[in-house]
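Spelled out from the first residue to the last, the chains are:
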Amino acid sequence: MNPPSPKSHAAGTAASTTVAIVGRPNVGKSALFNRLAGRRISIVHDQPGVTRDRLCAPCVRGKKSFMVFDTGGIGSVVDAGFSEQIRAEADIAIETAGIILLVVDGQTGLASVDEELAKHLRRVHKPLILVVNKVDHDKHSDFESDFARLGFDSVVSVSAEHNRGIGELIERIENLLPETPGAVSEEPAAKPLKIAVVGRPNVGKSSLVNAILEDRRTLVSPIPGTTRDAVDVPYERAGEHFVLIDTAGIRPRGKRGDSVEIFSVMRAESSIHRAALCVLVIDGTAGVTAQDKKIAGLIRDEEKPCVVIVNKSDLLDSEREVSAVLKSIRDELFFLDYAPIILLSAKTGKDVHRLFRGIRNVRENAAVKIGTGVLNRLFQTALESNPPPLRQNKRFRLLYATQIDQDSRERIRPPAFLLFVNDPDLLPPTYRKYLEGQIREKASYDGLPVLFRFRGRQRD
Ligand code: GDP
């Protein structure tokens, strides 16, 4: 077979540097994974249910490095039906990888499952290389013309076990990788972090912003926000750049009582939306009110990182008063339980610096990633030790999970996980909370909501 040069590949360049290995059982996906990942092959097994210790590993054998992802390893995560399993693996590859390697068996030839898979994969326009494995001797297989029928431009014959053709395969992959994979993360001028200071009137937002600026407010000229609801105040602290979105800076004139409160919630909404992190100010002497709860709800709905400030700590005289307000926050704002609570006094300036330590913590937490292998084992253990309840005789099943990579240059991105499941509706909120708890035990995500995105199985 004389495959066309990789440059002629119709699908062009990949959008991500993850390469997924897809194929029916026994074609040698695991062997190929081990070969690309540069690991010694001890046991090669493609039988469903055999646990593989890793799903993802870097391949550093060529000039460019990339991640290889063995979708066959997903079989160890759940016990699903055969075709269902293969289909799920393909879907996961489509969703998560930039390049797909469809592996077929050069010794036994084309199977109907291969054709089905090929058909399924062709529908998405992702760069794909057909890898004919187990071509141990000459660089050809007896089934060349069958494989050609699948209609893929890029075909490579390899023997994963005997390390033949792997160099060529890596070259093909490299040609499909984005030109400068590091370009996105190359030192961009760090954009200032937008922080919204929100809360109902009179909790001390203005005072807090002034305390942060140490009364240098007159030295900085506020930039009007994109709406007239807030002013953006640039602020630098220890070499870090921030923009404080100050909703207190503008007050509605001529409004009194309730309408002021309601108006303040509306103003908070657009500031929360624009912010990378929200600082929710609560008046420690008043505890949590209905308006506080509304604003907190907006933060949760917008899935924003958050720090809760208990202001006016100078007026809290006893431990008892402090614990009462902390308890009211935890009880009333239970949906915001990921937010750390910081006590300070804007008026006296006491502990105002702790706010920025808190923000730095949240930012660092957002950088923590859980590896795919670790994540899947974590979920597997969680599901086994405490199985989800039956719903209408059906049980929630997880096929595979991966943390979503997010560009975080100007934002603090909350950790988000993509879960491939049988049916997201089978997951009760309490069980979802349980899974979230398992993640939080693994990684410190204080200040950040943990987000789940679901992909249900598509039936045709
Ligand atoms: P905003 O409407 O949320 O911006 O609230 P302000 O900053 O205007 O504060 C409302 C009132 O609370 C003012 O009288 C402030 O002096 C007072 N205040 C703000 N922070 C503190 C604090 O930490 N301690 C005390 N005792 N009073 C405060």
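Fair warning: this is a prediction, and the values are worked out from it, not measured in the lab.

With that settled, the discussion passes to the confidence of the model for the protein. With 79% of its residues at a pLDDT of at least 70, the protein reaches an overall mean of 82. Within the protein, the lowest mean pLDDT, 52, falls on strand E8 (residues 223-224), and the highest, 98, falls on strand E12 (residues 306-311). Below a pLDDT of 50 lies the segment residues 1-11, which in the model reaches 23 contacts outside its immediate sequence neighbourhood of four places, other chains included. Here residues 250-255 scores under 50 on pLDDT; set against residues more than four positions off or in separate chains, the count is 8 contacts.

What follows is about the sheet that holds strand E3 (residues 66-70). Two modes of strand pairing occur in sheets, parallel and antiparallel, and in both the strands are linked by backbone hydrogen bonds. With mixed pairing, the 6 strands of this open sheet are ordered in space as E2-E3-E1-E4-E5-E6. Looking at which strands have only one partner, the edges of the open sheet turn out to be strand E2 (56-59) and strand E6 (155-157). Sheet twist, expressed as the average angle between the axes of neighbouring strands with direction ignored, equals 25°. Bridge count for E2 against E3 is 4 bridges, and the pairing is antiparallel. In the strand pairing of E3, Cys-59 is matched with Phe-66.

Now for the packing of helix H11 (residues 372-385) against helix H12 (residues 429-442). Orientation of H11 relative to H12, taken along the N-to-C sense of each, is 135°, at an axis distance of 10 Å. By the angle between their directions, the pair H11 and H12 is classed as oblique. By crossing handedness, the relation of H11 to H12 is classed as right-handed. Side by side, H11 and H12 meet where Leu-378, Phe-379 and Ala-382 of the first sit next to Leu-435, Gln-438 and Lys-442 of the second. Grouping the constituent residues of the contact of H11 with H12 by class yields 4 nonpolar, 1 polar and 1 charged.

Excluding glycine, a negative phi dihedral is what most residues carry, and trans is how most peptide bonds are arranged. Unlike most non-glycine residues, Ala-238 shows phi in positive territory, near 50°. Turning to its location among the elements, Ala-238 is positioned in the loop between strand E9 (231-237) and strand E10 (240-246). Phi is positive for Asn-393, close to 70°, though the residue is something other than glycine. When you line up the elements, Asn-393 lands in the loop between strand E14 (390-391) and strand E15 (394-395).

A few words on helix H8 (residues 290-301). Given a rise of 1.5 Å per residue, 12 residues ought to cover 16 Å, and the 16 Å separating the end C-alpha atoms of H8 matches this to within 8%. If you check which residues of H8 are buried, you get Asp-292, Ile-295, Ala-296, Leu-298 and Ile-299. Burial along H8 is one-sided: seen end-on, the buried residues are contained in an arc of 150°. Relative to its buried face, H8 has exposed residues pointing more than 90 degrees away, namely Ala-290 and Asp-301. In the segment just after H8, Glu-303 is the residue with positive phi, at about 55°.

If you trace the 3 strands from one edge of the open sheet to the other, you get E16-E17-E18, paired in mixed fashion. Sheet topology places strand E16 (398-403) and strand E18 (451-455) at the edges, where each strand pairs with a single neighbour. Within the sheet, the average angular offset between the axes of one strand and its neighbour, ignoring direction, is 25°. In terms of strand pairing, strand E17 (residues 416-421) meets E18 through 5 bridges, oriented parallel. Across the sheet, Leu-419 pairs through a bridge with Phe-454, a residue of E18.

In this section: the pairing of E9. As paired strands, E9 and E10 are joined by 7 bridges and run antiparallel to one another. What sits directly across from Val-233, in E10, is Leu-244. The loop that links E9 with its antiparallel partner E10 comprises 2 residues; one of these, Ala-238, has a positive phi angle of about 50°.

What counts as what
- Residues numbered from 1 in each chain as written.
- Predicted model: local features only at pLDDT ≥ 70, side-chain atom pairs only at ≥ 80, totals over all residues.
- pLDDT = per-residue confidence, 0-100.
- Helix = DSSP H or I, 4+ residues; strand = E, 2+ residues; numbered from the N terminus.
- Contact = placed C-beta atoms within 7 Å.
- Pairing = 2+ DSSP bridges.
- Axes fitted to C-alpha atoms, helices over the stretch in contact; angles between N-to-C directions.
- Parallel < 35°, antiparallel > 145°, perpendicular 65-115°, else oblique.
- Left-handed = near helix turned anticlockwise from the far one by under 90°.
- Nonpolar A, V, L, I, M, F, W, Y, C, P; charged D, E, K, R; others polar.
- Expected span 1.5 Å × (residues − 1).
- Buried ≥ 20, exposed ≤ 12 C-beta atoms within 10 Å, placed from the backbone.
- Arc of directions from axis to C-beta.

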